[in-house]
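As a plain string of letters, each chain reads:
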Amino acid sequence: MPAGFDAVRLAVTRRALVRKRAGAAAAQWPLLAASLGPDWPAVFAASVAGRPPTTAFDDGWELARALHGRGELGDSAAVELAEREVTFRRTGAGGHARRRLPAVRRAGRRVVVQLAGRVRHLRLP
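Description of the structure in this document. (Residues numbered from 1 in each chain as written. Predicted model: local features only at pLDDT ≥ 70, side-chain atom pairs only at ≥ 80, totals over all residues. Heavy atoms only, no water.)

### Details of the sheet that holds strand β4 (residues 110-115)
Stage number 1. On the basis of which strands lie adjacent, the open sheet formed by three strands has the order β3-β4-β5 and antiparallel pairing. Each end of this open sheet is capped by a strand with a single partner; those strands are β3 (103-107) and β5 (118-123). Direction aside, neighbouring strands of the sheet carry axes that sit 20 degrees apart on average.
Stage number 2. Here β3 runs beside β4; their pairing, made up of five bridges, is antiparallel. Bridge pairing in β4 places Arg105 opposite Val112.
Stage number 3. Relative to the sheet, helix α5 (residues 75-87) contacts β3, β4 and β5, its axis offset from that of β3 by approximately 170 degrees. (Pairing = 2+ DSSP bridges. Helix = DSSP H or I, 4+ residues; strand = E, 2+ residues; numbered from the N terminus. Axes fitted to C-alpha atoms, helices over the stretch in contact; angles between N-to-C directions. Contact = heavy atoms within 4.5 Å.)

### Side note on the packing of aromatic side chains
Both the distance between ring centres and the angle between the ring planes are used here to describe each pair of aromatic rings.
Stage number 1. Summed over the entire model, instances satisfying the criterion amount to five aromatic pairs.
Stage number 2. For the ring pair Phe57 and Trp61, a centre distance of 5.7 Å and an interplane angle of 45 degrees mean the geometry is tilted. Taken together, the residues span about one helical turn, with Phe57 and Trp61 both in helix α4 (residues 56-69) at a distance of four residues.
Stage number 3. A relative accessible area of 6% places Trp61 in the buried class.
Stage number 4. Taken together, a centroid distance of 5.3 Å and an interplanar angle of 70 degrees make the contact between Phe57 and Phe88 edge-to-face. A residue pair is termed long-range when its members are at least 10 positions apart, and Phe57 in helix α4 and Phe88 in strand β1 (residues 88-90) qualify at 31 residues.
Stage number 5. Residue class for Phe57 comes out buried when judged on its relative accessible area of 13%. (Phe/Tyr/Trp six-rings, centres within 6.5 Å; stacked < 30°, edge-to-face > 60°. Buried < 20%, exposed > 50% of the residue type's maximum accessible area, 1.4 Å probe, protein only.)

### Examining the nonpolar core
Stage number 1. Residues Trp29, Leu32, Trp40, Phe44, Leu63 and Leu73 are the most contacted members of the largest nonpolar core, which totals 27 residues.
Stage number 2. Secondary structure elements with two or more residues in this core: α1 (7-28), α2 (30-36), α3 (40-48), α4, α5 and β3.
Stage number 3. The contacts of Leu32, once residues within four sequence positions are left out, are Trp40, Gly60, Leu63, Ala64, Leu67, Leu73, Ala77 and Glu80. (Core = buried A, V, L, I, M, F, W, Y, C linked by side-chain atoms within 4.5 Å.)

### Digging into the pattern of salt bridges
Stage number 1. Scanning the entire structure with this criterion turns up eight salt bridges.
Stage number 2. The partner of Arg84 in a salt bridge is Glu80, with the nearest N and O atoms 3.8 Å apart. Taken together, the positions of Arg84 and Glu80, both in helix α5 and four residues apart, correspond to about one turn of that helix. Each member of the pair, Arg84 together with Glu80, is buried.
Stage number 3. Linking Arg105 and Glu85 is a salt bridge whose minimum nitrogen-to-oxygen distance equals 3.5 Å. Taken together, the residues Arg105 in strand β3 and Glu85 in helix α5 connect sequence positions 20 residues apart.
Stage number 4. What makes Glu85 buried here is its relative accessible area of 9%.
Stage number 5. Connected via shared salt-bridge partners are Arg21, Arg51 and Asp59. (Salt bridge = Lys/Arg side-chain N within 4 Å of Asp/Glu carboxyl O.)

Structural data, given as structure tokens:
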């Protein structure tokens, strides 16, 4: 903490900025936020703690991937993540670019396919 700053005011400001960041990420990832319900603010805050601010899209992407890796991602949020993964790819600069090649991801009993820029959902038996 910089010298001369009020610790209480700094903590309040930090919480307000994380809430604002959570709101922006929820707008980019509505199914992810909805799947976490009232736990969204706390889960989001824990996921970005200690990480420098990025884009709302990246914040949601990182959280969704982390929850997916732990098996804690809800069905609708898993489909949302799969849609994003078939539509976008990570670039070397830490950003995202639209995929040009076909892509396939599985989300539970669904397969999400992107071909020629169109995303389709296929239901598995």
